[in-house]
Amino acid sequence: MPTAASPHGGSHQLVVVANRLPVDAQTLPDGSTEWVTSPGGLVTAMESVMRTVDSGAWVGWAGGPGQPPEPFEADGMSLYPVRLEQEEIERYYEGFSNGTLWPLYHDVIVGPEFHRTWWDSYLTVNRRFARAAAPVTAPGGTIWVHDYQLQLVPRMIRDERSDVRIGFFNHIPFPSVELFSQLPKRNSILRGLLGSDLVGFQRESDSLNFVNSVRKLLGYHVEGMTISVPGLGAAPVREVQVQTFPISIDSQAVSALTEDPEIRERAEALRRDLGDPEKVVLGVDRLDYTKGIRHRLKAWGELLDDGSIDPHDAVMIQIATPSRERVEAYRQLRDEVELTVGRINGEHAPIGRPAVSYQHHSFDRRDMTALYMAADVVLVTALRDGMNLVAKEYVASRPDLRGVLVLSEFAGAADELRAAVMVNPHDIDDLKSAILRALAMPVEEQEEAMRSLRHQVLEHDVQTWAHNFLGALEEAGRPEPKTAPVVRLTGDRITAPEELDTALRTFAKVPRLLIASDFDGVLAPIVADRDAVQPDQQALSTLRELSELPGVAVALVSGRALADLDSLTSMPHSVVLVGSHGAEVGALPPWMQAEVLDQSALSMTPEKEALLASITSTLRRIARAHPGTEVEVKPTAAVLHTRNAKRRGGINATESALEYAVTLPEVTVTPGKEVVEFAVVPTSKGVAVDALARASAADAWLYLGDDVTDESVFAQLGEHDLGIKVGEGDTAAGLRVAGTEDAREVLARLLALRGERD
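Bear in mind that the values here come from a model prediction, so they are computed numbers and not experimental data.

Student: An account of the overall build of the chain is requested, with residue identities and associated values reported.
Tutor: If you tally the helices and strands in the chain, you get 24 helices and 30 strands. The C-alpha atoms of the chain give 28 Å as radius of gyration, which agrees with the globular expectation for 758 residues (27 Å, within 12%). Projected onto its principal axes, the C-alpha coordinates of the chain cover approximately 95 × 65 × 45 Å. Counting every position in the chain, which comprises 758 residues, the buried fraction comes to 56%.

Below you can see the structure in the form of structure tokens.
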């Protein structure tokens with residue numbers, strides 16, 4: 001039961017600000033009020049996090065119009081209710097939030113409405129939330145604002161409390177700049193969000209959309225994912241970080257429920273109640289037009305119509321939790337869904353058993369776990385979704401490694417759960433094929449896919465999500481300390497064969513891998529004439545074979561121009577080619593998230609073209625003064641090569657180039673093995689490999705490199721990643737082999753180990 005909160009204004013180190021409190025009021029028979037945990041993705045995600053925080057508070061609306069209750073304690077949290085009048089519910093919540101922003105941010109599946117009175121109410125309510133949060137936060141504390149209903153709050157709090165850290169996390173998609181530009185007051189929304197120190201999104205594409213909108217609509221300086229926000233008057237420029245933080249679930253808690261004997265019995269009873277069908281197919285959604293429920297029912301109905309599914313053998317359960325029932329689009333959707341369910345059951349349901357069991361009410365977590373355990377297939381067919389936690393809950397509920405997840409490529413979860421059966425829900429034929437494939441999937445294939453899915457969900461739970469966000473928020477705005485680079489290996493000590501093999505064995509067991517390599521010095525011996533290089537054909541062949549294995553992504557990351565790299569390697573599209581230290585990316589396989597590798601931020605402008613021409617001219621002047629040196633021009637960089645210089649000419653040319661580099665603070669200058677590269681776009685191999693790992697949803701990556709430029713990759717090695725230095729020199733890599741022949745053997749061993757696994 002809740003208790004009155006002590007008047008400890010200004011004492012909370014962490015304050016969460018969200019549209020709703022994490023509890024709902026229920027009136028008991030004796031007239032008293034009981035507060036129970038609310039349903040919903042945000043509450044589910046934050047509930048376990050807040051219980052681990054000392055002095056945590058939550059600011060939000062209690063759910064009803066009029067005067068809110070006094071602040072109170074519930075579930076170990078201090079809760080501060082915010083007042084909303086009935087007119088504000090209609091204009092701020094049902095209007096601007098869910099009639100304007102929601103459809104616009106979900107790719108205009110339903111057309112958004114724009115009304116100035118809705119905006120006025122949105123502004124007023126956001127200010128009220130900000131004024132509720134600011135005074136209860138301790139000096140130097142942290143305020144974490146959530147979701148699209150409160151996008152103005154960060155700037156409003158910033159104006160009152162410059163001493164606090166402010167983070168904002170957007171749980172729904174962020175639209176492309178073309179769609180976002182349609183929004184009246186769009187710049188006010190952007191400025192509101194930029195009151196934060198850190199702005200987080202579910203998907204990399206959402207982060208890129210936001211950064212592009214800021215660049216195009218506000219004209220602010222953007223470098224990578226850092227936005228420079230001009231201060232007012234004499235105030236200094238502030239830097240705002242933009243990052244991707246895919247939200248998750250309390251996966252251990254969900255998985256633990258599957259061990260409860262009562263829940264196990266409930267799962268078995270569910271199948272008996274449905275007549276013990278061979279297959280149970282489950283859909284779990286809020287009743288929302290973004291969830292693709294109509295598309296799912298259409299596909300199921302057509303499979304029944306054409307006889308591909310026998311209603312005696314397979315039953316579909318569709319849970320459609322009530323949502324926003326005062327909004328016309330949602331009332332219309334309910335009518336359409338229920339009419340479709342009635343038609344399907346009327347035409348196909350056997351006596352005593354539905355073809356579609358339709359449930360228009362909420363289920364508690366225990367019942368939901370039983371449903372997941374009873375389902376052979378779960379359909380997540382969202383037309384657009386920030387994440388979709390149903391997909392992750394299903395995976396966490398299947399420690400038996402059985403069941404198939406059919407997942408829309410337009411759900412944020414698709415970025416991580418790559419072992420699911422991916423589907424384009426807009427394509428009904430594709431959706432029908434995916435359902436049939438899921439129903440017919442052999443047990444061995446189910447187990448293989450579910451093992452990979454569970455690794456992702458259990459390793460990246462909601463606690464990890466919150467820890468990562470709050471950790472990044474703590475660091476946001478701090479100047480980067482100047483520390484010496486990590487050096488794991490010095491000199492030329494070669495890793496013992498047993499140690500290397502053990503590391504490769506462990507790596508090969510990871511469900512989803514990225515295997516990336518430099519070219520020169522790794523796959524091809526260094527030669528004086530770079531145009532006469534001869535790559536190791538056996539090593540290239542091994543990489544091609546690796547790229548065809550399930551769960552393996554392969555990439556070549558080189559300082560060479562992309563066209564040069566392509567002509568030398570003749571790789572298929574299953575191998576990603578990255579040239580010019582990341583500034584050029586070749587064709588991508590269809591399963592890779594192209595938006596993560598979007599190079600729009602690296603595009604050449606007339607100013608950069610002119611700068612590159614000036615750099616090229618200067619480097620050619622240096623080269624003429626030192627015979628044997630030469631200049632290579634790439635699309636975004638100029639490179640001074642000194643390998644063939646006479647006597648000390650190479651050293652002198654390098655010194656001259658580096659002295660010139662001091663005059664170019666906006667240029668990325670990278671010294672390497674007898675080369676100095678001047679790039680007019682901010683790229684590195686490390687950035688490229690990080691993007692490749694995210695684009696391929698890799699659980700771990702391996703990188704082979706020989707050069708100084710490869711250290712930017714080795715410097716970001718994670719716990720499960722492998723860095724292998726080829727040749728001599730201090731390095732941040734954890735392993736070393738002697739030369740290109742050894743690199744070839746590493747790839748061959750990895751192919752054999754991965755083949756054993758598959």
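Here the narrative resumes.
Student: Please give an account of helix 6 (residues 186–193) that cites residues and values.
Tutor: Within an α-helix, residues lying three or four positions from one another point in the same direction, as the helix has 3.6 residues per turn. Among all positions in helix 6, only Ile189, Leu190, Gly192 and Leu193 are buried. Angular distribution of buried residues about the axis of helix 6 spans 160°; they occupy a single face of the element.

Student: So, the side chain of Asp710: which residues are in play, and what are the values?
Tutor: Within the secondary structure, Asp710 is located in the loop between strand 28 (700–705) and helix 23 (711–714). Within the structure, the side chain of Asp710 is placed 3.0 Å from the side chain of Lys685, a separation counted as a polar contact.

Student: Can you break down the packing of aromatic side chains residue by residue, with the values?
Tutor: Counted by the stated rule, this structure contains 21 aromatic pairs. For the pair Trp102 and Tyr148, a centre-to-centre distance of 5.6 Å together with 50° between the ring planes defines the contact as tilted. Of the two residues, Trp102 is situated in helix 2 (residues 86–105) and Tyr148 in the loop between strand 8 (137–146) and helix 4 (153–160); the sequence distance between them amounts to 46 residues. For Trp102, a relative accessible area of 5% translates into the label buried. Classification of Tyr148 as buried rests on a relative accessible area of 1%.

Student: Tell me about the pattern of salt bridges, and please be specific about residues and values.
Tutor: Tallied over the entire structure, the rule returns 39 salt bridges. With a closest N to O distance of 2.6 Å, Arg296 and Asp285 form a salt bridge. Taken together, the residues span a long stretch of sequence, with Arg296 in helix 10 (residues 293–305) and Asp285 in strand 14 (residues 279–286) at a distance of eleven residues. Judged on exposure class, the residue Arg296 and its partner Asp285 are both buried. Each of Lys298, Glu302, Asp306 and Lys432 takes part in one network of salt bridges that share partners.

Student: For the sheet that holds strand 26 (residues 668–672), give the residues involved together with the corresponding values.
Tutor: Overall, antiparallel pairing links the four strands, which are arranged 24-25-27-26 in an open sheet. Edge positions in the sheet fall to strand 24 (630–633) and strand 26, since each has one partner strand and no second. Here the strands of the sheet are splayed against their neighbours by 15° on average, with no regard to which way each runs. Here helix 20 (residues 606–625) sits on the sheet and contacts strand 24, strand 25 (637–641) and strand 27 (675–679); the angle it forms with strand 25, its principal contact strand, is near 10°. Taken strand by strand, helix 21 (residues 649–661) contacts strand 25, strand 26 and strand 27, and its axis lies near 20° from that of strand 27.

Student: Tell me about the packing of helix 10 against helix 11 (residues 328–348), residues and numbers included.
Tutor: Viewed as axis vectors pointing N to C, helix 10 and helix 11 meet at an angle of 15°, and their least axial separation amounts to 10 Å. As judged from the angle between their axes, helix 10 and helix 11 are roughly parallel. Crossing hand, helix 10 versus helix 11: left-handed. Every residue of helix 11 that contacts helix 10 at Ile293, Arg294, Leu297, Gly301, Leu304 and Asp305 is listed here: Leu333, Glu336, Val337, Thr340, Val341, Arg343, Ile344, Glu347 and His348. A per-class count over the contact of helix 10 with helix 11 returns seven nonpolar, three polar and five charged.

Student: Explain unusual backbone geometry to me, and be specific about the residues and the numbers.
Tutor: Despite not being glycine, Asp147 shows a phi value in the positive range, around 80°. With respect to the helices and strands, the residue Asp147 is situated in the loop between strand 8 and helix 4. Unusually for a residue other than glycine, His581 sits at a positive phi of about 60°. Tracing the backbone shows His581 in the loop between strand 22 (575–579) and strand 23 (584–585). Residue His581 is classed as buried on the basis of its relative accessible area, which comes to 9%.

Student: I'd like a description of helix 15 (residues 443–459), backed by residues and values.
Tutor: In a regular helix each residue adds 1.5 Å, so 17 residues correspond to 24 Å; helix 15 covers 24 Å between its end C-alpha atoms and thus fits that length. When we look at burial in helix 15, the residues that qualify are Gln446, Ala449, Met450, Ser452, Leu453, Arg454, Gln456 and Val457. Contacts from the buried residues of helix 15 go to helix 8 (251–257), helix 13 (389–396) and strand 18 (404–408).

Student: Now, about the sheet that holds strand 18: what can you tell me, with residues and values included?
Tutor: Strand order in the open sheet formed by six strands is 16-15-14-17-18-19, with parallel pairing between adjacent strands. What marks the edges here is a single partner per strand, and that holds for strand 16 (356–359) and strand 19 (421–423). Along the sheet, successive strands turn relative to each other by an average axial angle of 20°, direction set aside. Pairing of strand 18 with strand 19 involves three bridges; the strand directions are parallel. Following the sheet pairing, Leu407 is matched in strand 19 by Met422. Across the sheet, helix 12 (residues 365–374) lies against strand 14, strand 15 (314–321) and strand 17 (377–380), angled at about 140° from strand 14, the strand it touches most.

Student: Outline the pairing of strand 17, listing residues and values.
Tutor: Residues in a regular strand project their side chains so that they alternate between the two faces of the sheet. Neither face of strand 17 is open: one carries Val377 and Leu379, the other Val378 and Val380, and all of them are buried. Judged from the two bridges that link them, strand 14 and strand 17 form a sheet pairing that is parallel. Paired with Val281 across the bridge in strand 17 is Val377. Examined bridge by bridge, strand 17 and strand 18 share four bridges and lie parallel to one another. Bridge pairing in strand 18 places Val378 opposite Leu405.

Student: Describe the environment of Thr226, with residues and values.
Tutor: For Thr226, the location among the structural elements is in strand 12 (residues 226–229). Classification of Thr226 as buried rests on a relative accessible area of 18%. For Thr226 and Leu717, which are 491 residues apart along the polypeptide, the C-alpha to C-alpha distance reads 22 Å. Residues contacting Thr226, with those up to four places away along its chain left out, are His221, Glu239, Val240 and Gln241. In this structure the side chain of Thr226 is engaged in a polar contact, spanning 2.9 Å, whose partner is the side chain of Gln241.

Student: Residues and numbers for the pairing of strand 5 (residues 56–61), please.
Tutor: Taking burial as the measure, the six residues of strand 5 include six buried ones, the bulk of the element. Here strand 5 shows two buried faces, one formed by Gly56, Trp58 and Gly60 and the other by Ala57, Val59 and Trp61. Of the strand pairs in this sheet, strand 2 (residues 12–20) and strand 5 are connected by five bridges, and their pairing is parallel. Along strand 5, the bridge assignment pairs Val15 with Ala57.

Student: Give a description of empty space enclosed by the protein that names residues and reports values.
Tutor: In this structure the tally under the stated criterion is two cavities of 30 Å³ or more. Roughly 370 Å³ of internal volume is contained in the largest cavity. Those elements giving two or more residues to the lining of the largest cavity turn out to be strand 25 and strand 27. In terms of residue class, the lining of the largest cavity is made up of four nonpolar, six polar and twelve charged. Its boundaries defined by the atoms lining it, the second largest cavity holds a volume of some 60 Å³.

Definitions and cut-offs
Residues numbered from 1 in each chain as written. Predicted model: local features only at pLDDT ≥ 70, side-chain atom pairs only at ≥ 80, totals over all residues. Heavy atoms only, no water. Helix = DSSP H or I, 4+ residues; strand = E, 2+ residues; numbered from the N terminus. Rg over C-alpha atoms; globule rule 2.2 N^0.38 Å. Buried < 20%, exposed > 50% of the residue type's maximum accessible area, 1.4 Å probe, protein only. Arc of directions from axis to C-beta. Polar contact = N/O pair within 3.5 Å; in protein donor to acceptor, adjacent residues only side chain to side chain. Phe/Tyr/Trp six-rings, centres within 6.5 Å; stacked < 30°, edge-to-face > 60°. Salt bridge = Lys/Arg side-chain N within 4 Å of Asp/Glu carboxyl O. Pairing = 2+ DSSP bridges. Axes fitted to C-alpha atoms, helices over the stretch in contact; angles between N-to-C directions. Contact = heavy atoms within 4.5 Å. Parallel < 35°, antiparallel > 145°, perpendicular 65-115°, else oblique. Left-handed = near helix turned anticlockwise from the far one by under 90°. Nonpolar A, V, L, I, M, F, W, Y, C, P; charged D, E, K, R; others polar. Expected span 1.5 Å × (residues − 1). 1 Å grid on protein atoms, 1.4 Å probe; cavity = no way out; pocket = protein on both sides within 12 Å on 5 of 7 lines; lining within 4 Å. Points joined across faces, edges and corners; volume = space filled by probe spheres on them.

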